[in-house]
Amino acid sequence: MIARLMPEQPAATPPGRPALWSLLLWGLLSLLAALGCIMLMRQPGSIAPLWLSNTLIVCAMLAYTPRHWPTLLVAHGLAVLGANMLTGGTATMALAFVPGNVLEAWMGAWLLRRHGNVRSVIHEPNALLQALLLGPALAAGLGALAGSITLFMLAPAGDLLGIFTTWWLGSALGWVCVFPLGVLALALGPRQALQACLQTLQLPLALLVAGVTLLAFSSLPYPYVYVAAIGMLAAYCGGFASASLAAPITVAACFGLISRGLMVLPPQTGPGADALHLLPLLLAVLSPLLLGAALEQSRRRNAEQLARREARYRSLYTRAPTLLHSTDVEGRLLSVSSAWLQHFGYRESEVLGRKISDFISLDPQGLASPELLPVLTAGEPVEDLPMLARRADGKLRRVRLSMVWEEDAGREQGLCSMASLRDVTEEQALLKRLDEERQLLQITLTSIADGVLSTDEQGRIIFINRSASRLSGWDMNAAAGHAVTEVLNLRAAHDKTRALDPVGSCLATGRMETLPPDCVLQARDGHSYAMTGSASPIHDATGHLRGVVMVFQDVSRAREDARRLNHMAHHDALTGLPNRVLLMDRIEQACSSAARKGQGFAIGFVDLDHFKLINDTLGHAMGDQLLQLVAQRLSGELRSTDTVCRLGGDEFVLLLSEVQGPEHAARVAEKLLRQVAEPIALGARQVTASLSMGLALYPDDGQSAEELMKHADMALYRAKQLGRNRYCLYDPAMAATAVQRLQMAQLLRQDMEGERLYLMLQAQVDIEGGRHVAAEALLRWAPASGPEIGPAEFIPVAEESGLMLSLGRHVLQLVARLLSERRDLLESELRLAINVSPQQLVDARFPEDVQRLLRETGLPPPRLELEITESALMGSPEESRRALLQLKSLGVRLAVDDFGTGYSSLSHLKHFPVDAVKIDRSFVQDLDRNAGDRALVRAIIAMAASLGLECVAEGVETESQVQLLREMGCHLMQGYLFAHPMPYNEMPLWPSLRRIEPEYRRLH
């Protein structure tokens, strides 16, 4: 009880220098206490059995510092002196009482201050016992000894032991009566001590103690037992304060009864017998004080422990990572945790005392039910109530409120609430995102074209998407809970009696199971779908198998597309014939089969003769139609065991199975040549086509597909060399020829980098003008080893091996060197003619090469004449025309060489920007013997004249040829009759206006 009133710090010490009125007050109090004790019990010249004055002064001395003690002791001595004199004592006798009382007061204050713990007396029994030993026992005993000796010296006839006993017990009773109250005032302060003594329970207890004491001492046997018992009851109920009040009340009641004669003391004998009855009273009063101190100690310890727990709780509360706050019944904040303040951005001074509604309010969106609204005001616990919390920066946070009310006994409404907040802003945002992702996943699984289903660990369907429903014929509601085998009727395409259960296998093995490639699904409505897919196990976080997810696709169209793509990959798109890939596979199979059976077969390479001309003149559409018709004729003439393949362009390959020998293969080839040679209708036109074919037989001409293909290609090349529209069987000599051509190509490539290629010049003659107008540059090749190789032999090899462009550029370099060495030829009026190959003509870099030649040599462009064969022009007429126009823009002359051999109409010349035509030597050499050649040459000369073109006759070797050509109107000639080709550095420079004599040979 006192623990509630004790301040946390010791009471302030009174001022060190007491005022005069303070000294007078203490002296007056000491005087009054002494008078009261003397008048109550003491007879004149005797010792008072109760003495309060000494203890009162001791309490005053403890309240001040030792340097004020002398003043207090002087006041106390005067008070003792005055009290004795006022009660009729002599001055000597009165003065004899002063030393003992002053010594007791000084000794008690000094011992308690030096060795005692006065402020702990009220709540520590050990401190109380120590104070009682120092004060009532030691100090009072010393004072009693000094006083009794003084009195005995004044009256030797007296009883020294009796005087000492009475003095000491009276002083001890005074200590027990006054000291507890004084210590209470010292420990609590006068005001709080007074409050402790005036508490509600103290007055009834004081009255009870007084009543029981009067009753016990007046009429009950063994009164000290009752006095001790009632005192201990008061100490138990009211603590040390009640015990402090009970002690003076008990003593006062006892001595009051004695003074009125209402209490008869038992007879005593021996020294100090009259005072021995005070000893039980002293013991009866001490017991409640000790109990009160023990109870106060327990209460203080409990209070300190409670305070420590409360401090620890408050510390934990403040430092808790949870958002905590407490409110009073009006909703005002009493405390908040540091996490609460930090989370919402407030300071403690900004929130304490304010209503919680200033910071949080109900979240209408999160409120699941309107019945939760009155819960906050009903004093009932709340759990996870959705609220909106406003931060210091104004931002709102979604929180969950959980709250309990602290109730007080005897009251229905709670005193305060304890609440915690849980910020769920991010949690709700995450839940929202998860819900959106779940919905998106649901939509995705429902919307994707693949069938998806999932099962539990028993293989029962728990989800099936729209595609799976469409394929199986089962909707989600119907399929849920059924076994997968009931919903998906999966079968093998080659064995539809055997059911497939990938989900069951996956559940049994715990591994992914894939559907076989030929799996089909028989739907509920009878439709069948080609299927592919897999079943995968679903494991939870602990690795336990929780079910299976199966993903499958309808690949019916894909398989059909794959079949079609496979056909396209192995067949020609235009003709539908097998392509090279399929052909090679069939040839390999034919090789294996023929080796096992001992049979033969043949490979034929086929080319359409002059197909490019037909394609360019009639158009690509007609060319494609021709290829299709030829493919049909070839396929129609062969057996079903034979194969016709189109490699590309106008190239076909035949696989003739079970061929008995070369004669058998030749008969088949002749039959095909005849069939294709029949007229073919292309739209409104009738055209004829011819084939060139090369044949190679297994096993004589090769035992592998590559070898047979290579040899058949060589035979085809030979057929083309022999004039086309024919077949050729492979001969091993063809391989040797091919090797020679390869070696020649390699040697030609090497010699282009050396000096083995050179130019010869042959003059062109104007018969009528008697002058030489041009010199044709002719390329010659003299290898380091072996004889010289002519153009007719190495030019085709260069064209086949892709060396023609490099060779043409090399010729231009040789021409530039010729002109740099023959400055007289460069400065003359003679034209220089150069032959141009078909590859050069369409080469994009050729005009630049010509322009570079003109620029580097200084040759005027009109004196450079480029000769292009008629077949080169007609191979691709439109492309040739564009190339000629580009060359013509340089200012050079253009001539058509070998005219009459290119199967072209004479009217085609008007589309080409040429300046001259050169009649092929094949028409000139029999001019005097063949009427057909004469008619053709005459027509060429007339056509050239009508188009304004010069006409040059090549290969003139006789005088009769000269005469006929002159009669036909051709006066420009070239041939051995006039000059053989000669090295350019040996060629004489003829006068440009020299007349030719009738003897033409003199021109040599």
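Residues numbered from 1 in each chain as written. Predicted model: local features only at pLDDT ≥ 70, side-chain atom pairs only at ≥ 80, totals over all residues. Heavy atoms only, no water.

If you check an unreviewed UniProt entry, the protein appears there as PAS domain S-box-containing protein/diguanylate cyclase (GGDEF)-like protein from Roseateles asaccharophilus. The annotation that UniProt attaches to the protein under Subcellular location (unreviewed entry) is "Cell membrane". (UniProt positions renumbered as here; feature names shortened; annotations may be inferred.)

Turning to the overall build of the protein, a few remarks are in order. Scanning the protein for helices and strands turns up 35 helices and 30 strands. Judged by the C-alpha coordinates and their principal axes, the protein covers about 210 × 85 × 55 Å. Put simply, of all contacts in the protein between residues at least 6 apart along the chain, 63% involve residues at least 24 apart. For the protein, the exposed surface amounts to about 50000 Å²; the carbon and sulfur share of it is 56%. Here the protein holds 91 positive side-chain charges and 102 negative ones, and the gap between their average locations is 9 Å. (Helix = DSSP H or I, 4+ residues; strand = E, 2+ residues; numbered from the N terminus. Contact = heavy atoms within 4.5 Å. Areas by Shrake-Rupley, 256 points an atom, 1.4 Å probe, with all protein chains shown as cover. Lys, Arg positive; Asp, Glu negative; His and termini not counted. Charge placed at Lys NZ, Arg CZ, Asp CG, Glu CD.)

In the structure shown here, the tally under the stated rule is zero disulfides. Of all cysteine sulfurs in the structure, the one in cysteine 177 sits closest to cysteine 37, which takes part in no disulfide; the separation is 8.7 Å. Unpaired in terms of disulfides, cysteine 254 finds its nearest cysteine sulfur in cysteine 177, a separation of 10 Å. (Disulfide = S-S within 2.5 Å.)

Sheet analysis places strand β16 (residues 643-648) next to strand β17 (residues 651-656), joined by five bridges and oriented antiparallel. Counted as the bridge partner of threonine 643 is leucine 655 from β17. Counted along the chain from β16 to the antiparallel partner β17, the turn is two residues long, and its residue glycine 649 has a positive phi close to 60 degrees. (Pairing = 2+ DSSP bridges.)

Our next topic: the side chain of aspartate 609. Structurally, aspartate 609 is set in the loop between β15 (601-608) and α21 (611-618). No salt bridge is formed by the buried aspartate 609; its nearest oppositely charged neighbour, arginine 724, is found at 4.0 Å. (Buried < 20%, exposed > 50% of the residue type's maximum accessible area, 1.4 Å probe, protein only. Salt bridge = Lys/Arg side-chain N within 4 Å of Asp/Glu carboxyl O.)

The next thing to look at is the pattern of salt bridges. Applying the stated criterion across every chain yields a total of 31 salt bridges. Taking the shortest distance from any N to any O, the salt bridge between glutamate 950 and arginine 893 comes out at 2.9 Å. In this pair, glutamate 950 sits in strand β28 (residues 950-954) while arginine 893 sits in strand β26 (residues 893-899), placing the two residues 57 residues apart along the sequence. Relative accessible area serves as the criterion here: at 30%, glutamate 950 is assigned to the partly exposed category. Note on arginine 893: relative accessible area 14%, which makes it buried. Each of Glu776, Glu867, Lys918 and Glu954 takes part in salt bridges that share partners, so that together they form one network.

Turning our attention to the sheet that holds strand β1 (residues 323-328). Read from one edge of the open sheet, six strands run β2-β1-β6-β5-β4-β3, paired in antiparallel fashion. At either end of the open sheet lies a strand with only one pairing partner, and these are β2 (333-336) and β3 (360-362). Ignoring which end each strand starts from, the neighbouring axes of this sheet average 35 degrees apart. As paired elements, β1 and strand β6 (residues 416-423) share six bridges and run antiparallel to each other. By the bridge assignment, leucine 323 is partnered in β6 with leucine 421. Against the sheet, helix α11 (residues 278-319) touches β1, β2 and β6, its axis set at about 120 degrees to β1. Sitting on the sheet, helix α14 (residues 425-447) touches β5 (396-406) and β6, and the angle it makes with β5 is about 125 degrees. (Axes fitted to C-alpha atoms, helices over the stretch in contact; angles between N-to-C directions.)

Our next topic: the pairing of strand β14 (residues 545-554). Bridging between strand β7 (residues 451-455) and β14 involves five bridges; their strand directions are antiparallel. When the bridges of β14 are listed, leucine 453 appears paired with methionine 550. As paired elements, strand β13 (residues 528-539) and β14 share nine bridges and run antiparallel to each other. If you follow histidine 539 over to β14, its bridge partner there is leucine 545.

Next up on the list: the packing of aromatic side chains. Applying the stated criterion to the full structure yields nine aromatic pairs. Seen from their ring centres, phenylalanine 97 and tryptophan 167 are 5.8 Å apart, and the 25 degrees between their planes marks the pair as stacked. With phenylalanine 97 in helix α5 (residues 91-115) and tryptophan 167 in helix α7 (residues 160-188), this pair connects stretches of sequence that are 70 residues apart. By relative accessible area, tryptophan 167 is classed as buried at 4%. Where tryptophan 106 meets tryptophan 110, the ring centres are 6.2 Å apart and the plane angle is 15 degrees; that geometry is what we call stacked. Here tryptophan 110 and tryptophan 106 lie together in helix α5, a separation of four residues that amounts to about one turn. For tryptophan 110, a relative accessible area of 31% corresponds to the partly exposed category. In this arrangement the basic side chain of arginine 524 is found over the ring face of tryptophan 474, its NZ or CZ atom lying 3.8 Å from the centre. (Phe/Tyr/Trp six-rings, centres within 6.5 Å; stacked < 30°, edge-to-face > 60°. Lys NZ or Arg CZ within 6 Å of the ring centre and 35° of its normal.)

Now for unusual backbone geometry. Of the consecutive residues tyrosine 698 and proline 699, the connecting peptide bond is found in the cis state with omega at 5 degrees. With respect to the helices and strands, proline 699 occurs in the loop between β20 (691-698) and α24 (705-721). You will see that histidine 610, though not glycine, has its phi angle at about 55 degrees, which is positive. With respect to the secondary-structure elements, histidine 610 resides in the loop between β15 and α21. Among the residues examined, histidine 610 registers a relative accessible area of 40% and is labelled partly exposed. A positive phi angle is found at aspartate 898, which is not glycine, with a value near 55 degrees. Its location among the elements puts aspartate 898 in strand β26. Judged by relative accessible area, aspartate 898 falls into the partly exposed class, the value being 25%.

Structurally, the position occupied by phenylalanine 899 is in strand β26. Its relative accessible area of 2% is what places phenylalanine 899 among the buried residues. Along the chain, phenylalanine 899 and valine 952 lie 53 residues apart, while their C-alpha atoms are 9.9 Å from each other.

A cluster of nonpolar side chains, contributed by Trp21, Leu25, Leu28, Leu29 and Leu32, occupies part of the molecular surface with about 500 Å² of accessible area. Mapped onto the fold, leucine 28 is located in helix α2 (residues 20-41). (Patch = residues over 30% accessible without salt bridge, like charges linked within 9 Å, V, L, I, M, F, W, Y side chains within 5 Å.)

In spatial order, the strands read β16-β17-β15-β20-β21; together these five strands make up an open sheet with mixed pairing. Of all strands in the sheet, those with a lone pairing partner are β16 and β21 (726-729), marking the two edges. Sheet twist, expressed as the mean angle between neighbouring strand axes with direction ignored, is 20 degrees. One ladder, built from six bridges, connects β15 with β17; its direction is antiparallel. Bridge pairing in β17 links alanine 602 to leucine 656. Sitting on the sheet, helix α20 (residues 580-597) touches β15, β16, β17 and β20, and the angle it makes with β16 is about 140 degrees. Lying over the sheet, α24 contacts β15, β17, β20 and β21, oriented at roughly 145 degrees with respect to β20.

Burial of nonpolar side chains together is a common tendency in soluble globular proteins. Formed by 85 residues in total, the largest nonpolar core has its most connected members in Leu112, Val121, Leu173, Phe179, Leu184, Phe240 and Phe255. Grouped together as the second largest cluster of nonpolar side chains are 79 residues, Val892, Val937, Ala944 and Phe978 included. (Core = buried A, V, L, I, M, F, W, Y, C linked by side-chain atoms within 4.5 Å.)

Close contact between helix α6 (residues 125-154) and α7 brings their axes to 8 Å; oriented N to C, the two are set at 145 degrees. Along this stretch, α6 crosses α7, giving a crossing that reads as right-handed. Here the residues of the contact of α6 with α7 are counted per class, giving 18 nonpolar, six polar and no charged. (Left-handed = near helix turned anticlockwise from the far one by under 90°. Nonpolar A, V, L, I, M, F, W, Y, C, P; charged D, E, K, R; others polar.)

We now examine the side chain of glutamate 776. Along the chain, glutamate 776 turns up in strand β23 (residues 771-781). For glutamate 776, a relative accessible area of 4% translates into the label buried. There is a polar contact of 3.2 Å between the side chain of glutamate 776 and the side chain of lysine 918. Among the polar contacts made by the side chain of glutamate 776, one reaches the side chain of glutamine 974 at a distance of 2.6 Å. In contact with glutamate 776, not counting residues within four places along its chain, are Met760, Leu761, Gln762, Ala833, Asn835, Glu867, Lys918, Glu954 and Gln974. (Polar contact = N/O pair within 3.5 Å; in protein donor to acceptor, adjacent residues only side chain to side chain.)

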